[in-house]
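Observations on chain architecture
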Amino acid sequence: MRHLTIKNIGPLSSVDISLSRINLIIGPQSTGKSCILKIASFCAWLEEHLEFSQNPDGEFTDTVIDNKLINFYRLKDFIKEGSYFEYRADALRFSYSFDDKRKDFEWKEGRWEYRRRKTAYIIAERNIVAAVPNWFEVNFENDCLKAFLADWQNARNFMKGFGSIDVLEQNIAYQYDEVKQEDQIVINKGQALNLRNASSGLQSVVPLFIQLFYFSYGF
């Protein structure tokens, strides 16, 4: 079981949440749901790097916080007075106070029992794969958007082995045309439709569904 505490980051004044294998966060827009997920993703990523390096002094640094959390997840404008987070897992515990850049870290009994897992943040702007057909030719900044697109290309290549796959039992299937480098929707087992010509809802749901399928079965 993992536990995350967040204080005064973005719209979040105080969060204390246990993280299970599957978590559902529900709330109005602009209340911090994505902020929680971004920090949780960073902490899971840092946990992995700490476990494999066994070097907290080299991995848990101000530079890592700036580059891999603040800049990577676009949280620069979210940090304010009293911003703080703490992450606890079976193997370790660490916390960071932004006011004085104070870092606390400790190993726990499960230090040598860690199992590697895939850490990925599926961005809200995931419909970019439909809205920008040549996204693979664009030079993006090295942040969560670029990481998502790299994962998306891996997912597309993985899906080639399935031909097409049903999406949420809605008489809709997804397929990747490698020749055209095109994501397609097949409706009612009929003609293929370019994802960019599908509804805005499908442009958001399909990348989410296919990424989750890839992360579940592609490793």
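Above this text you will find the structure in question.
Scoring rules and cut-offs
Residues numbered from 1 in each chain as written. Predicted model: local features only at pLDDT ≥ 70, side-chain atom pairs only at ≥ 80, totals over all residues. Heavy atoms only, no water. Phe/Tyr/Trp six-rings, centres within 6.5 Å; stacked < 30°, edge-to-face > 60°. Helix = DSSP H or I, 4+ residues; strand = E, 2+ residues; numbered from the N terminus. Buried < 20%, exposed > 50% of the residue type's maximum accessible area, 1.4 Å probe, protein only. Pairing = 2+ DSSP bridges. Axes fitted to C-alpha atoms, helices over the stretch in contact; angles between N-to-C directions. Contact = heavy atoms within 4.5 Å. Expected span 1.5 Å × (residues − 1). Salt bridge = Lys/Arg side-chain N within 4 Å of Asp/Glu carboxyl O.

1. With respect to the packing of aromatic side chains
Taken as a whole and assessed by the stated rule, the structure comprises 19 aromatic pairs. Where F162 meets F213, the ring centres are 5.3 Å apart and the plane angle is 85°; that geometry is what we call edge-to-face. Taken as a pair, F162 in the loop between α5 (144–159) and β6 (165–166) and F213 in helix α6 (residues 200–217) lie far apart in primary sequence, 51 residues in all. For F162, a relative accessible area of 40% gives the class partly exposed. The class for F213 is buried, based on a relative accessible area of 15%. Through pairs of rings, three or more aromatic residues link up here, namely F42, W45, F60, F85, Y87, F94, Y96 and F98.

2. Description of the sheet that holds strand β3 (residues 79–88)
Taken together, the five strands give an open sheet; going across it, the order is β2-β1-β3-β4-β5, and neighbouring strands pair in antiparallel fashion. Unpaired on one side and paired on the other, β2 (12–19) and β5 (102–107) mark the two borders of the sheet. Strand-to-strand, the axes of this sheet are offset by a mean angle of 5°, without reference to chain direction. Bridge analysis of strand β1 (residues 2–9) against β3 gives six bridges, and the strand direction is antiparallel. Note on β3: the bridge partner recorded for L4 is Y87. Running at roughly 95° to β3, helix α3 (residues 62–71) makes contact with β3, β4 (92–97) and β5 of the sheet.

3. Concerning helix α1 (residues 33–53)
The end-to-end C-alpha distance of α1, which contains 21 residues, comes to 31 Å, matching closely the 30 Å that a straight helix rising 1.5 Å per residue would cover. Count one or two residues on from α1 and you reach Q54, which has phi positive near 55°.

4. Considerations on the environment of A198
Inspection of the secondary structure puts A198 in the loop between β9 (192–194) and α6. Each C-alpha atom of the pair A198 and I165 lies 16 Å from the other, and the pair is 33 residues apart in sequence. In this structure, A198 is in contact with I185, L193 and Q203, ignoring residues within four places of it in sequence.

5. What to know about the pairing of strand β8 (residues 182–187)
Extensive coverage of β8 is indicated by the burial of five of its six residues. Linking strand β7 (residues 172–177) to β8, which pair antiparallel, is a turn of four residues; within it Q181 sits at a positive phi near 50°. Where β8 meets β9, three bridges bridge the pair, whose relative direction is antiparallel. By the bridge assignment for β9, V186 is matched with A192. Hairpin connection from β8 to β9: four residues lie between these consecutive antiparallel strands, with N188 at a positive phi of about 55°.

6. Regarding the pattern of salt bridges
A side chain with one charge may pair with a side chain of the opposite charge, provided their charged atoms come close. Applying the stated rule across the entire model yields twelve salt bridges. Among the ionic pairs, E125 bridges to R74, the shortest N-O distance being 3.1 Å. Within this pair, whereas E125 is found in the loop between β5 and α4 (128–131), its partner R74 is found in the loop between α3 and β3, the two being separated by 51 residues in sequence. With relative accessibility at 36%, the residue E125 sits in the partly exposed group. A salt bridge links E106 to R93, with the nearest nitrogen and oxygen atoms 2.8 Å apart.

7. Some remarks on unusual backbone geometry
Glycine aside, negative phi is the norm for most residues, and most peptide bonds take the trans geometry. Phi is positive for S30, which is not a glycine, with a value near 65°. Note on placement: S30 falls in the loop between β2 and α1. Unlike most non-glycine residues, K101 shows phi in positive territory, near 55°. Following the sequence through the fold, K101 ends up in the loop between β4 and β5. For K101, a relative accessible area of 46% puts it in the partly exposed group.

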